[in-house]
Amino acid sequence: MDHKGLKEWSKKAADWAHDYHEGLRDRPVRATLEPGSLRDQLPTSAPEHAEAMETIWEDFTSLVPDAMTHWQHPRFFAYFPANAAPVSMLAEQLVNAMASNALIWQTAPAATEVEQAMMVWLRKALGLPDAFTGTIHDSATTATLSAILTMREAALEWKGLYEGLSAQPRMRVYASGETHSSIDKAVRVAGIGQDNLVKIPVDDDLSMRPDLLAQAIKEDRAAGYLPIGIVLCAGGTSVGAFDKMKECIAIAREEDLPTHIDAAWAGSAMICPEFRELWDGAEGADSIIFNPHKWLGAQFDCAVQFMRNPVDQVRTLGLRPTYLETLGTSEVTNFNEWTVPLGRRFRALKIWFLLRAHGLEDLRQRIRNHVAWSNELYGKIAQLPGIEMITTPRLSLFSFALEAGDEATEKLLQQINDDGRIYLTQTHHKGRLVIRVQVGQFDCTRDDVMMVEKVLKELI
Ligand code: PLP
């Protein structure tokens, strides 16, 4: 295919995309195929000679959409959303057309400068003070890894980068058991070791106990460990737990430790001032991440990290060999020095388009609707026989189980997802298998949300 062919097929793809989205409600939300059944329909090696685009297209339309779980389906209530507002998809098309690699300022000045501007827009939108600046990563996982590597190196006075870790003190990171597994992954990958991620018990509200946090740090110091930082949870994946930022950050300050907040999901809700009490004190953190690709509507992937002092992270992750220098200009920002990968996509464009085409007020209203509908649905499900509500809505996420126990709950979940009208997923909470309901898909309506009650009524 040449660029003339691309123009023709892009139009066809745009028509297909429109029809696909129009028809989503008629599809089962979760993929229904048996594992391996698509792979078995594909040839076992690449063709030696070019195939006609018509044939490739035919195979795509007949094989792929039916073998997908539809994240943009308005009745997707599983995991957390991966919202792609149509205007953010448009921005991605333009990014695709330019196909640049924004590794340094010079290789894509617009990508760097729109990113700088978007970090300011987003910081203000979330109500964070201007002490924060930041960057865009691919995922919350790599953003958290970057923050943990920075904690490690600040604690080791940047010796780990050069000497390795074998001669360094044993380090410790603190978080509650409600934090996402990306924190466990980060301490593994950072060479700190998962056993040195100390999981501090939570109170009845599922918040990390500040008294036990302070105690653990003191005991670890006495035992010869080197505490390096605290990760705080703002909207846990399981059931939406929030730590008490103010109290925990005060302890971090007393102990001279940096803090990193994982608000991958809930961060988007902070564009609504009324929800900010949930992370009251967040402005005192050193690093905060959130995923505009979850609830806000910027097409996957897009993870934002705000930092109070990017200098430490740049010192940890930045390398500038001669071939990455920008000759003949004054000092420029090279965002690869703030993140793990060198090559980077122009992710800021979709944020720019999204925030302009919707405006903050429309995005706030969507999130407010989701929270209100989630609360309404919670009340309805609580009336159904045989159901026990497990956690109340935190923002738009709550959980329930069958009184009959885990086996029955699992069976019900399978029936729900085989039915296909809605999609829910599970977690473990206090030793029980529970079903999570999160309301947050960009295009969902109140009727879509209330479909959960209808399906449950029919199946229990
Ligand atoms: N943190 C939280 C609270 C999450 O819910 C998730 C994913 O759902 C992550 C981190 C990891 O996000 P990512 O897929 O961007 O790495």
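Conventions we followed
Residues numbered from 1 in each chain as written. Predicted model: local features only at pLDDT ≥ 70, side-chain atom pairs only at ≥ 80, totals over all residues. Heavy atoms only, no water. UniProt positions renumbered as here; feature names shortened; annotations may be inferred. Patch = residues over 30% accessible without salt bridge, like charges linked within 9 Å, V, L, I, M, F, W, Y side chains within 5 Å. Areas by Shrake-Rupley, 256 points an atom, 1.4 Å probe, with all protein chains shown as cover. Salt bridge = Lys/Arg side-chain N within 4 Å of Asp/Glu carboxyl O. Helix = DSSP H or I, 4+ residues; strand = E, 2+ residues; numbered from the N terminus. Contact = heavy atoms within 4.5 Å. Near = heavy atom within 4 Å. Polar contact = N/O pair within 3.5 Å; in protein donor to acceptor, adjacent residues only side chain to side chain. Nonpolar A, V, L, I, M, F, W, Y, C, P; charged D, E, K, R; others polar. Pairing = 2+ DSSP bridges. Axes fitted to C-alpha atoms, helices over the stretch in contact; angles between N-to-C directions. Parallel < 35°, antiparallel > 145°, perpendicular 65-115°, else oblique.

An unreviewed UniProt entry annotates the protein chain as Aromatic-L-amino-acid decarboxylase originating from Maritalea mobilis. Under the heading Sequence similarities (unreviewed entry), UniProt records this for the protein chain: "Belongs to the group II decarboxylase family." What the UniProt record of the protein chain gives under Cofactor (unreviewed entry) is the line "pyridoxal 5'-phosphate".

Got a minute to help me understand a nonpolar patch on the surface in this structure?
A surface patch of nonpolar side chains, about 280 Å² in accessible area, is lined by Leu-90, Leu-94 and Met-98. For Met-98, the location among the structural elements is in helix H3 (residues 86-98).

Mind showing me how you'd approach the UniProt feature "modified residue: N6-(pyridoxal phosphate)lysine" (unreviewed entry) in the protein chain here?
Taken from the UniProt record, the annotation "modified residue: N6-(pyridoxal phosphate)lysine" (unreviewed entry) applies to Lys-294. Of note, Lys-294 is situated in helix H10 (residues 292-296). The residues touching Lys-294, leaving out its near neighbours within four places in the chain, are Phe-80, Pro-81, Ala-82, Asn-83, Ala-264 and Trp-265.

What am I meant to see in the site of the ligand here?
Every one of the 13 residues lining the ligand counts as a neighbour, but Ala-140, Thr-141, Thr-237, Asp-262 and Asn-291 are closest to it. In this structure, an oxygen atom belonging to the ligand sits 2.8 Å away from a side-chain N or O atom of Thr-237. At 3.3 Å, a side-chain N or O of Lys-294 approaches an oxygen atom of the ligand. Notes on the ligand: free accessible area 390 Å², of which the protein chains cover 84%. Only helix H5 (140-155) and H10 provide two or more residues apiece to the shell around the ligand. Among the residues forming the shell around the ligand, the class breakdown is 3 nonpolar, 8 polar and 2 charged.

Would you mind showing me how to read the sheet that holds strand E11 (residues 432-438) here?
Within a beta sheet, neighbouring strands are joined by backbone hydrogen bonds and run either parallel or antiparallel to one another. Read across the open sheet, the 4 strands follow the order E8-E9-E11-E10; overall the sheet is antiparallel. Two strands bound the open sheet, and with one partner strand each, they are strand E8 (387-394) and strand E10 (425-429). This sheet shows a mean twist of 35° between the axes of neighbouring strands, independent of strand direction. Of the strand pairs in this sheet, strand E9 (residues 397-402) and E11 are connected by 4 bridges, and their pairing is antiparallel. Looking across to E11, one finds that Leu-397 is bridged to Gln-438. Sitting on the sheet, helix H12 (residues 348-382) touches E8, E9 and E11, and the angle it makes with E8 is about 165°.

Help me understand the packing of H5 against helix H11 (residues 310-317) in this model?
Helix-helix packing is characterised by the crossing angle of the two axes and by the distance between the axes. Contact geometry for H5 and H11: axes closest at 9 Å, N-to-C directions at 90°. Classed by the angle they form, the pair H5 and H11 counts as roughly perpendicular. Across the interface between the two elements, Ser-146, Ala-147, Leu-149, Thr-150, Glu-153 and Ala-154 from H5 touch Asp-312, Gln-313, Thr-316 and Leu-317 from H11. Split into classes, the residues belonging to the contact of H5 with H11 amount to 4 nonpolar, 4 polar and 2 charged.

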